[in-house]
Amino acid sequence: MAIKKEKIEGKLIINEYDSSNLKASQYNTETSELIVEFKKGGKYSYNKVPISIFTKMRMAESQGSFFSKNISNNYRYKKLS
């Protein structure tokens, strides 16, 4: 697994990854919003990602490839930075 660091702050689950693609993510358990930060730059917000999908991403052998296959094109998103 490639989670470098995980912390829970209230309703937020914040992860840092040791991944070639993903730098970090922040998941809001109340709103189901997933914010993903990429190594190459850019931060995106994904709407209504079920906690079960986020949990599978955290537990995946490769978070980057799980994200690409199961999240990136399946949920509405907007660029934050």
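All values reported here derive from a predicted model rather than from experimental measurement.

So, how was this worked out
Residues numbered from 1 in each chain as written. Predicted model: local features only at pLDDT ≥ 70, side-chain atom pairs only at ≥ 80, totals over all residues. Heavy atoms only, no water. Helix = DSSP H or I, 4+ residues; strand = E, 2+ residues; numbered from the N terminus. Buried < 20%, exposed > 50% of the residue type's maximum accessible area, 1.4 Å probe, protein only. Contact = heavy atoms within 4.5 Å. Phe/Tyr/Trp six-rings, centres within 6.5 Å; stacked < 30°, edge-to-face > 60°. Pairing = 2+ DSSP bridges. Axes fitted to C-alpha atoms, helices over the stretch in contact; angles between N-to-C directions.

Draft legend 1. Examining unusual backbone geometry more closely. One non-glycine residue, Ser 32, lies in positive phi territory at about 60°. Mapped onto the elements of the fold, Ser 32 is located in the loop between strand E3 (22–28) and strand E4 (33–38). Positive phi outside glycine occurs at Lys 48, with the angle close to 55°. Taking the relative accessible area as the measure of exposure, Lys 48 reaches 67% and is therefore exposed.

Draft legend 2. Region of interest: the side chain of Ser 19. Mapped onto the fold, Ser 19 is located in the loop between strand E2 (12–17) and E3. Residue contacts for Ser 19: discarding those within four places in its chain leaves Lys 39 and Gly 64.

Draft legend 3. Structural detail: the packing of aromatic side chains. Under the defined criterion, the tally for this structure stands at 6 aromatic pairs. Residues Phe 38 and Tyr 44 carry aromatic rings whose centres are separated by 5.7 Å and whose planes lie at 75° to one another, so their mutual orientation is edge-to-face. Neither residue differs from the other here; Phe 38 and Tyr 44 are each classed as buried. Both rings, one in Tyr 44 and one in Tyr 77, keep their centres 5.9 Å apart while their planes meet at 70°; by these two values the pair is edge-to-face. Taken together, the residues span a long stretch of sequence, with Tyr 44 in strand E5 (residues 43–46) and Tyr 77 in strand E6 (residues 77–79) at a distance of 33 residues. Ring pairing ties together the aromatic residues Phe 38, Tyr 44, Tyr 46, Phe 67 and Tyr 77, which thus form one cluster.

Draft legend 4. A look at the sheet that holds E4. Read from one edge of the open sheet, 6 strands run E1-E2-E3-E4-E5-E6, paired in antiparallel fashion. What marks the edges here is a single partner per strand, and that holds for strand E1 (3–9) and E6. Strand-to-strand twist in this sheet, taken as the mean axis angle between neighbours without regard to direction, amounts to 15°. Alignment of E5 against E6, held across 3 bridges, turns out to be antiparallel. Of the residues in E6, the one forming a bridge with Tyr 46 is Tyr 77. Running over the sheet, helix H1 (residues 51–59) touches E1, E2, E3 and E4 and is turned about 25° from E2. Against the sheet, helix H2 (residues 63–70) touches E1, E2, E3, E4 and E5, its axis set at about 60° to E3.

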